[in-house]
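A closer look at the structure
Single-letter residue listing:
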Amino acid sequence: MAGACTAAAAAGIFCLSLGRAAVSFGFRHGVSALFAQKPERAPRWLPACRPKMSVSFLSRPDLPNLAYKRLKGKSPGIIFIPGYISNMNGTKALAIEDFCKSLGHAYIRFDYSGVGNSDGNFQECTVGRWRKDVLSIIDDVAVGPQILVGSSLGGWLMLHAAIARPQKVVALIGVATAVDSLVTQFNQLPVEVKKEIEMKGVWSMPSKYSEEGVYHVQYSFIKEAEHHCLLHSPIPVSCPIRLLHGMRDDLIPWHTSVQVADRVVSTDVDVILRKHSDHRMKEKEDIQLLVYTIDDLIDKLSTEVN
Ligand SMILES: *[C@@H]1O[C@H](CO)[C@@H](O)[C@H](O)[C@H]1NC(C)=O
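Described in the following lines is the structure provided in the data block. Being a predicted model, the structure only gives us computed values, none of them experimental.

**Remarks on the pattern of salt bridges**
Here the structure, examined in full by the defined rule, presents 12 salt bridges. When the shortest N-O distance is used, the salt bridge between Asp250 and Lys208 registers 3.0 Å. One end of the pair, Asp250, is in the loop between β9 (241–246) and α9 (255–263); the other, Lys208, is in the loop between β7 (202–206) and β8 (214–218), and 42 residues separate them in sequence. Here the two residues Asp250 and Lys208 agree in accessibility, since each one is exposed. Among the ionic pairs, Lys300 bridges to Asp268, the shortest N-O distance being 3.0 Å. Of this pair, Lys300 sits in helix α10 (residues 284–305) while Asp268 sits in the loop between α9 and β10 (269–274); the two residues are 32 residues apart in sequence, bridging distant segments of the chain.

**Focus: helix α3 (residues 91–103)**
The terminal C-alpha atoms of α3 lie 19 Å apart, and with 13 residues this matches the ideal 18 Å at 1.5 Å per residue to within 8%. Here α3 has its buried residues at Lys92, Ala93, Leu94, Ala95, Ile96, Glu97, Phe99, Cys100 and Leu103. Count one or two residues on from α3 and you reach Gly104, which has phi positive near 80 degrees.

**Focus on the site of the ligand**
Lining the immediate environment of the ligand, one finds Val55, Lys69, Asn87, Asn89, Gly116 and Asn117. With respect to the ligand, the side chain of Lys69 contributes an N or O atom lying 2.6 Å from an oxygen atom. Note that an oxygen atom of the ligand is positioned 2.4 Å from one of the side-chain N or O atoms of Asn89. Within the complex, the protein chains bury 56% of what would otherwise be the 360 Å² of accessible surface of the ligand.

Thresholds, definitions, all that
Residues numbered from 1 in each chain as written. Predicted model: local features only at pLDDT ≥ 70, side-chain atom pairs only at ≥ 80, totals over all residues. Heavy atoms only, no water. Salt bridge = Lys/Arg side-chain N within 4 Å of Asp/Glu carboxyl O. Helix = DSSP H or I, 4+ residues; strand = E, 2+ residues; numbered from the N terminus. Buried < 20%, exposed > 50% of the residue type's maximum accessible area, 1.4 Å probe, protein only. Expected span 1.5 Å × (residues − 1). Near = heavy atom within 4 Å. Polar contact = N/O pair within 3.5 Å; in protein donor to acceptor, adjacent residues only side chain to side chain. Areas by Shrake-Rupley, 256 points an atom, 1.4 Å probe, with all protein chains shown as cover.

Put into structure tokens, the structure is as follows:
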């Protein structure tokens, strides 16, 4: 316990209560297994130490097939929901996999339609279609209760999934949660700029997180996304929720996470801010905080059930 708290404090975060000792052992084992790895790189000619685990496909009638990777293990399972223009192989997705593997918990990561190895055309994708993708993964790939970890736009979709599947979704962790984001950002543009985007049909949104320096967001994507906005009224999600956000996030202000905390009907909600983190939240300390948060929730859920 003390060791875990010290580590958490060293990571510059509020020290979470880490629950029962028996579970903490599993936890410490898991975390040390993950962070004992020295940052020294594997020799270049070896592709990776990661065991080869081929991508699986979920076929769906009338909808694009979805690529996913599943690790079988204990309940609750964890599902990672990626951000906009992100796939199943991001830093956070892989770190959570290592963590789940060390704890023996089930884990799923996947690509949205039109992204990575999934079928479908990215240009035709909408928040509504990706929401359906998340539900397909929950319904047809995941077994038993699930903790959803949503990154950026994935945090928006995770709330929708919790609304749609209240029995199966038992807890949520949002990382730089981007609820209503593209819609809010679009609405803040000057009227002339909005008109121009409407005429051109595409918004070239400057972004330092894109290789090109801009995201080309279809106007139709923004219009469709309006139907999925959540912050205007109470959000009917009552499970435990943890919202991690960097105060240096210049894409999605951390106030968004506070707004989500305010709107959800759940009373078990923590917002955890990291002063020096940006939108990606993928520095070592960010990842550490993320896995501590997952572990704390697993601990909490398992002690509630027993
Ligand atoms: C993700 O990694 C797997 C190998 O683990 C690879 O087969 C797949 O193509 C990768 N997906 C993307 C979108 O890069």
